[in-house]
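The lines below spell out each chain.
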Amino acid sequence: MTQTSSQVCVLGTDGVDRLIRLLADGGRTVIGPTARDGAIVLAPLSGGADLPYGWGVELEAGHYRLRRREDGAAFAHSAGPQSWKAFLHPQREREWSADRTADGGIVVVPDEPPPVAYAFLGVRPCDLRAIAVQDRVLDGGRFADSRYARRRRAAFLVAVECTEPGATCFCVSMDAGPAAGPGYDLALTEVVDAHGHRFLARAGSLEGESVLARLPRREADVSTQQAAQRAVEAAADRMGRTMPAVDLRDLMAETLEADRWNDVAGRCLTCGNCTMVCPTCFCTSAEEVTDLTGEHTERWRRWESCFDLEFSHLSAGPVRSSGLSRYRQWATHKLGTWHDQFDTSGCVGCGRCIVWCPVGIDITEEAHALERERHAPPAPHSLGDHP
Ligand code: SF4
Ligand code: SF4
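Residues numbered from 1 in each chain as written. Chains lettered and ligands numbered in written order. Predicted model: local features only at pLDDT ≥ 70, side-chain atom pairs only at ≥ 80, totals over all residues. Heavy atoms only, no water.

K.L.:
Would you mind showing me how to read the site of ligand 2 here?
P.N.:
Close to ligand 2 lie F170, C278, P279, W330, K334, C347, V348, G349, C350, G351, R352 and C353. Counting only elements with at least two residues in the shell around ligand 2, the list comes to α10 (323–342) and α11 (352–355). Counted by class, the shell around ligand 2 contains 8 nonpolar, 2 polar and 2 charged residues. (Near = heavy atom within 4 Å. Helix = DSSP H or I, 4+ residues; strand = E, 2+ residues; numbered from the N terminus. Nonpolar A, V, L, I, M, F, W, Y, C, P; charged D, E, K, R; others polar.)

K.L.:
Please explain the site of ligand 1 as it appears in this structure.
P.N.:
Of all residues adjacent to ligand 1, which total 13 residues, the nearest are C268, L269, C271, C274 and C357. Grouping the constituent residues of the shell around ligand 1 by class yields 10 nonpolar, 3 polar and no charged.

K.L.:
How should I be thinking about the sheet that holds strand β14 (residues 296–303) in this particular structure?
P.N.:
The strands that make up a sheet pair up through hydrogen bonds in the backbone, lying either parallel or antiparallel. Strand order across the open sheet formed by 4 strands is β7-β6-β14-β13, with antiparallel pairing between neighbours. The outermost strands of the open sheet, each flanked by one partner alone, are β7 (106–110) and β13 (284–290). When the angles between neighbouring strand axes are averaged without regard to direction, this sheet yields 20°. Here 7 bridges tie β13 to β14, and the two strands are oriented antiparallel to one another. Residue pairing in the sheet places V289 in a bridge with E298 of β14. (Pairing = 2+ DSSP bridges. Axes fitted to C-alpha atoms, helices over the stretch in contact; angles between N-to-C directions.)

K.L.:
Help me understand helix α6 (residues 222–237) in this model?
P.N.:
One full turn of an α-helix is made of 3.6 residues, so residues set three or four places apart face in the same direction. Compared with the 22 Å implied by 1.5 Å per residue over 16 residues, the 23 Å span of α6 between its first and last C-alpha is a close match. Contacts made by the buried residues of α6 are with β1 (8–12), β10 (186–193), β11 (196–203) and β12 (218–219). (Expected span 1.5 Å × (residues − 1). Contact = heavy atoms within 4.5 Å.)

K.L.:
Sorry, what's going on with the domain arrangement of the chain here?
P.N.:
A common way to express how large an interface is: the accessible area buried when the components associate. Annotation of the chain at the domain level lists domain 1 (8–237) and domain 2 (248–375). Its C-alpha centre places domain 1 at a distance of 25 Å from the equivalent point of domain 2. The interface of domain 1 with domain 2 comprises 42 residues on the first partner and 41 residues on the second. Taking both sides of the interface into account, the surface hidden between domain 1 and domain 2 amounts to around 3700 Å²; carbon and sulfur atoms contribute 58%. Its largest share of buried area at the contact with domain 2, domain 1 owes to K85, R92 and F170, together 16% of the area lost on that side. Viewed at the interface, domain 2 and domain 1 are joined by 7 salt bridges. (Domains from an automatic or database assignment. Buried area = accessible area lost by both parts, 1.4 Å probe. Salt bridge = Lys/Arg side-chain N within 4 Å of Asp/Glu carboxyl O.)

K.L.:
What exactly am I supposed to notice about the pairing of strand β5 (residues 63–68) here?
P.N.:
Along any regular strand the residues' side chains alternate between the sheet's two faces. As defined by bridge partners, strand β4 (residues 55–60) adjoins β5 across 6 bridges and the pair is classed as antiparallel. By the bridge assignment for β5, W55 is matched with R68. Connecting β4 to the next strand, β5, in antiparallel fashion are 2 residues, including G62 with a positive phi near 70°.

K.L.:
Sorry, what's going on with the nonpolar core here?
P.N.:
The tendency in soluble globular proteins is for nonpolar side chains to be buried as a group. Within the largest apolar cluster, 32 residues are counted, with the highest numbers of intra-cluster contacts made by I31, W84, F87, F120, L128, I131 and V348. Counting residues per element, the ones that place at least two in this core are α2 (85–88), β8 (118–123), α3 (125–138), β9 (156–160) and α10. The contact partners of L128, leaving out residues within four places of it in the chain, are V123, L157, A159, A180, G181, P182, G183 and Y184. Residues M252, C347, I354 and I363 belong to the second largest nonpolar core, which totals 28 residues. (Core = buried A, V, L, I, M, F, W, Y, C linked by side-chain atoms within 4.5 Å. Buried < 20%, exposed > 50% of the residue type's maximum accessible area, 1.4 Å probe, protein only.)

K.L.:
Teacher, can you tell me more about unusual backbone geometry here?
P.N.:
Most peptide bonds take the trans configuration, and most residues that are not glycine carry a negative phi. Cis geometry is adopted by the peptide bond preceding P178, which originates at G177 and carries an omega value of 5°. Looking at the secondary structure, you find P178 in the loop between β9 and β10. The backbone phi angle of T270 is positive, close to 50°, even though this residue is not glycine. By the element assignment, T270 lies in the loop between α8 (260–267) and α9 (273–277). One non-glycine residue, D343, lies in the positive phi region at around 60°.

K.L.:
Please clarify how the packing of aromatic side chains should be interpreted in this entry.
P.N.:
Each aromatic ring pair is described using two quantities: the centre-to-centre distance and the angle formed by the ring planes. Using the criterion set out here, one finds 13 aromatic pairs in the structure. Residues W84 and F120 carry aromatic rings whose centres are separated by 4.6 Å and whose planes lie at 35° to one another, so their mutual orientation is tilted. Of this pair, W84 sits in the loop between β5 and α2 while F120 is found in strand β8, placing the two residues 36 residues apart along the sequence. Judged by relative accessible area, which is 2%, W84 ranks as buried. For F120, a relative accessible area of 1% gives the class buried. Ring geometry for F307 versus W330: centroids 6.0 Å apart, planes at 50°, classification tilted. Of the two residues, F307 sits in the loop between β14 and β15 (313–314) while W330 sits in helix α10, which places them 23 residues apart along the sequence. (Phe/Tyr/Trp six-rings, centres within 6.5 Å; stacked < 30°, edge-to-face > 60°.)

K.L.:
Explain the sheet that holds β8 to me, please; I cannot follow it from the model alone.
P.N.:
Taken in spatial order, the 8 strands of this open sheet run β3-β2-β8-β9-β10-β11-β1-β12, and their pairing is mixed. A single partner strand is all that each edge strand has here, and the edge strands are β3 (39–44) and β12. Sheet analysis places β8 next to β9, joined by 4 bridges and oriented parallel. Across the sheet, A119 pairs through a bridge with F156, a residue of β9.

K.L.:
Just to check I follow, could you spell out the layout of surface pockets for this structure?
P.N.:
Rolling a probe over the atoms, with the probe sized like a water molecule, indicates the empty space that remains. Its boundaries defined by the atoms lining it, the largest pocket holds a volume of some 280 Å³. Put simply, the parts of the chain that give the lining of the largest pocket at least two residues each are α3, α7 (248–254) and α10. Broken down by class, the residue content of the lining of the largest pocket amounts to 11 nonpolar, 4 polar and 3 charged. Of the domains in this structure, domain 1 (8–237) and domain 2 (248–375) are the two that each give at least three residues to the lining of the largest pocket. (1 Å grid on protein atoms, 1.4 Å probe; cavity = no way out; pocket = protein on both sides within 12 Å on 5 of 7 lines; lining within 4 Å. Points joined across faces, edges and corners; volume = space filled by probe spheres on them.)

Following this line, the structure appears as structure tokens:
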């Protein structure tokens, strides 16, 4: 079937600027990447000039730096410290407040956040998959969250395919990139070469098609289409990390008693950074805050981490009191039991947990070590051993 120019076309940098303004004029809060405070952060955008043109990133385990790029690309950086869950599933939200009345009763007022229609610009394919993973958890199952669902259903997603993977990326191993999977309204692929700086754009929804039709654009030429395809294929070949090419669910299930968990527990600070930056982690807990008079109280929901000792607190104390049990819980849930609960992996290979771990613990390195240990021959008996 022939695609029309409102389904696939080429935008210039002016077209991306117009896209942001058009979405904002339509009442959307446009969020996208911008260079600020030494990082590529997600923040409100008012035009194309806010994008991080000419900035890239340098990543390693426990290491993140901005670096200048010669080519002026806007999206040649991999996942930053935030993910879109900061907007769809905010870190802290008031659920209700209650006040004592003059006659000694109590009035409880549920907190209804004002409706917001987001447009997310620059959703990397791994993060597009992460949004789909959170949809399974927060907008589809037994634990559906109406606030998440409202924000999610109103959101307009502009994916940007990955042409510059970071040293900690492994989306290919998790089948989550670098090409954009389903779920976007628009997908862009940035191309910078001798023919100029441009974006191959394609629509993934009727709304995306209608937005594209209102932008300054030109027909998708063969050279741009081939350059975009080559850039995405080359990104797949340049992934910085890989997971062992085995069934990770089986690997986790068969190595629960491995020595490697002791090794990683000796390095892990149980700080929970990995859970905060992970785009799929969804756990929350509730806290009640009462004012000094005792007349007013509020219930807040906030992100919770399975590395927190209180996370597994039952009547007799925490079920997972050791660092070993908490790291193992996190990794085996991400890579293993998430499949049982939600029929998908809990990891999309974005690499954030590796970059933002203060001691550089690398989930891919841990998985490889577990795989080696699973196949290691049993330790030989010493002369003094008896069968
Ligand atoms: S793995 Fe790293 S980021 Fe995660 S809890 Fe341990 S020290 Fe913190
Ligand atoms: S576990 Fe790590 S690599 Fe996987 S999705 Fe979460 S932050 Fe990204």
